[in-house]
Amino acid sequence: MSTTTIVVPCYNEAERLKPSVFLETLGKDPELSFLFVDDGSRDETLQSLHALRDKEPTRIGVLDMERNSGKAEAVRRGILKALETPCDYVGYWDADLATPLDEIADFSSLLDRGGIDVVLGSRVCLLGRNIQRRAWKHYIGRVFATCASLLLQLKVYDTQCGAKLFKASPLLRQVFGTPFKVNWTFDLEMIGRFLLLQDLTPEEVPSRWVEHPLREWVDVKGSKVGVKDYIRGGMEFCTIFFYLRTPARSSYLRYLTATVPPQVEAPSSDGAAANQPEGLR
């Protein structure tokens with residue numbers, strides 16, 4: 001069976017974290033591991049993650065970033081850390097579990113078929129699906145998705161869903177090897193990096209990438225995403241446009257290919273790195 005490591009970025013998630021759900025999911029899939037990345041939380045998140053890790057020390061890891069750096073950097077650092085271990089698939093999942101963990105099995109099965117490199121979760125409201133999203137977020141999201149499709153020249157429905165899974169590969173390490181130029185819309189920049197580094201045409205992508213319509217997605221209370229983030233997203237879109245669709249594209253490609261990602265260590269003041277399970281150390 002294929003082994004999978006899911007990176008879970010966390011920032012002040014002590015009230016929303018559901019340790020029992022993660023443990024139950026591990027019980028269903030012996031080939032699954034989680035790597036939680038604490039992005040400098042100021043509440044009890046890190047303590048909760050350590051307690052969770054202690055219950056499954058061989059399959060749960062904790063990466064403590066100490067200082068808040070944003071979701072993009074938390075995911076990037078987590079992906080690189082996960083790639084240091086022998087696993088077949090690596091992905092990331094939102095800590096609030098707006099996308100249920102049961103979907104991981106569906107994502108993995110798509111990669112198991114062969115020929116597919118990337119599975120993107122997609123929040124599509126269809127009959128028989130339970131997609132609960134605030135109306136204003138949905139409509140702003142559709143505008144952003146349309147702009148994203150035009151920018152990428154790719155018919156992608158949902159770039160911003162926080163559930164994605166990839167085949168572990170040197171290419172994936174290169175995609176995440178350098179810091180993103182944006183934070184909130186880093187998913188869009190990430191897709192752009194894949195296209196640049198693989199030199200794929202829009203016609204070639206559908207044969208190797210899959211958007212998977214989620215069976216369930218629920219907008220969890222306590223979300224840190226607000227109107228200001230959508231405004232910031234518009235500004236970040238301009239930044240991504242600059243690097244992908246102007247002469248800066250050449251220097252951006254050099255930026256992606258010139259640096260060999262260093263081995264990522266988990267900074268910790270209490271020896272947490274030394275206590276991580278062997279597979280995620």
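Residues numbered from 1 in each chain as written. Predicted model: local features only at pLDDT ≥ 70, side-chain atom pairs only at ≥ 80, totals over all residues. Heavy atoms only, no water.

(A) Spotlight on the sheet that holds strand S4 (residues 89-93). Pairing is mixed in the open sheet, where seven strands are placed in the order S3-S2-S1-S4-S7-S5-S8. The outermost strands of the open sheet, each flanked by one partner alone, are strand S3 (60-64) and strand S8 (209-213). Averaged over all neighbouring strand pairs, the angle between strand axes comes to 20 degrees, with direction disregarded. Where S4 meets strand S7 (residues 163-167), five bridges bridge the pair, whose relative direction is antiparallel. Residue pairing for S7: tyrosine 92 is matched across the bridge by lysine 164. Sheet contacts for helix H1 (residues 19-28): strand S1 (4-10), strand S2 (32-38) and S3; angle to S2, the most-contacted strand, approximately 155 degrees. (Pairing = 2+ DSSP bridges. Helix = DSSP H or I, 4+ residues; strand = E, 2+ residues; numbered from the N terminus. Axes fitted to C-alpha atoms, helices over the stretch in contact; angles between N-to-C directions. Contact = heavy atoms within 4.5 Å.)

(B) Structural view of the pattern of salt bridges. This model, assessed by the stated rule, comprises 13 salt bridges. Residues aspartate 102 and lysine 28 are paired through a salt bridge, measuring 3.5 Å at the closest nitrogen-oxygen approach. Taken together, the residues span a long stretch of sequence, with aspartate 102 in the loop between S4 and helix H4 (103-112) and lysine 28 in helix H1 at a distance of 74 residues. Arginine 193 is the partner of glutamate 189 in a salt bridge, and the nearest nitrogen-oxygen pair spans 3.3 Å. One end of the pair, glutamate 189, and the other, arginine 193, are both in helix H7 (residues 186-198), four residues apart, so they sit about a helical turn from each other. Glutamate 189 sits in the buried class, given a relative accessible area of 3%. Sharing partners across several salt bridges, the network here consists of Glu13, Arg16 and Asp96. (Salt bridge = Lys/Arg side-chain N within 4 Å of Asp/Glu carboxyl O. Buried < 20%, exposed > 50% of the residue type's maximum accessible area, 1.4 Å probe, protein only.)

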